[in-house]
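# Understanding the architecture of this molecule
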Amino acid sequence: RHTEDVATVSLALAQTLLEAGSSSRAAYLLRSILEYKPDREDVARRLVAALTAAGRLSEADAVRGKYLS
């Protein structure tokens, strides 16, 4: 339960970072969430969006292939 709570709070923080234009920082946080909760497809989708916004397209494709296919 604790891991899920931390993931939820971290996801909210990452969304705030994305909205503030800090896509690289958001991507770092989202990637760390996926390390603990690899089943969170919503986190993977936001990570793809953050990486794309940061111009890190090959990393976005890798995340898409690993978590969303």
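Below you will find a few notes about this structure. Keep in mind that this is a model prediction, so the values were computed, not measured. (Residues numbered from 1 in each chain as written. Predicted model: local features only at pLDDT ≥ 70, side-chain atom pairs only at ≥ 80, totals over all residues. Heavy atoms only, no water.)

Per the secondary structure count, the chain includes four helices and zero strands. Ordered by position from the N terminus, the helices and strands of the chain form the series α-α-α-α. Scaling as 2.2 N^0.38, a compact globule of 69 residues should have a C-alpha radius of gyration of about 11 Å, and the chain matches this with 11 Å. By its C-alpha atoms, the chain is 35 × 30 × 15 Å across when sized along the principal axes. (Helix = DSSP H or I, 4+ residues; strand = E, 2+ residues; numbered from the N terminus. Rg over C-alpha atoms; globule rule 2.2 N^0.38 Å.)

Our next topic: the pattern of salt bridges. For the structure on display, the rule yields eight salt bridges. Across the pair Asp5 and Arg1 runs a salt bridge, and its minimum N-O distance is 3.3 Å. For Asp5, a relative accessible area of 34% gives the class partly exposed. With a shortest N-O distance of 2.7 Å, Glu41 and Arg45 are connected by a salt bridge. With a gap of four residues between them, Glu41 and Arg45 both fall in helix α3 (residues 41-53), about one helical turn apart. (Salt bridge = Lys/Arg side-chain N within 4 Å of Asp/Glu carboxyl O. Buried < 20%, exposed > 50% of the residue type's maximum accessible area, 1.4 Å probe, protein only.)

This part covers the side chain of Ser10. Structurally, the position occupied by Ser10 is in helix α1 (residues 2-19). A polar contact is formed between the side chain of Ser10 and the backbone oxygen of Val6, at a distance of 2.8 Å. Sequence-distant contacts of Ser10, that is, excluding residues within four places in its chain, are made with Leu29 and Ile33. (Polar contact = N/O pair within 3.5 Å; in protein donor to acceptor, adjacent residues only side chain to side chain. Contact = heavy atoms within 4.5 Å.)

Mapped onto the elements of the fold, Glu19 is located in helix α1. The exposure class of Glu19 is exposed, given its relative accessible area of 62%. A C-alpha to C-alpha distance of 27 Å links Glu19 and Arg1, two positions 18 residues apart in sequence.

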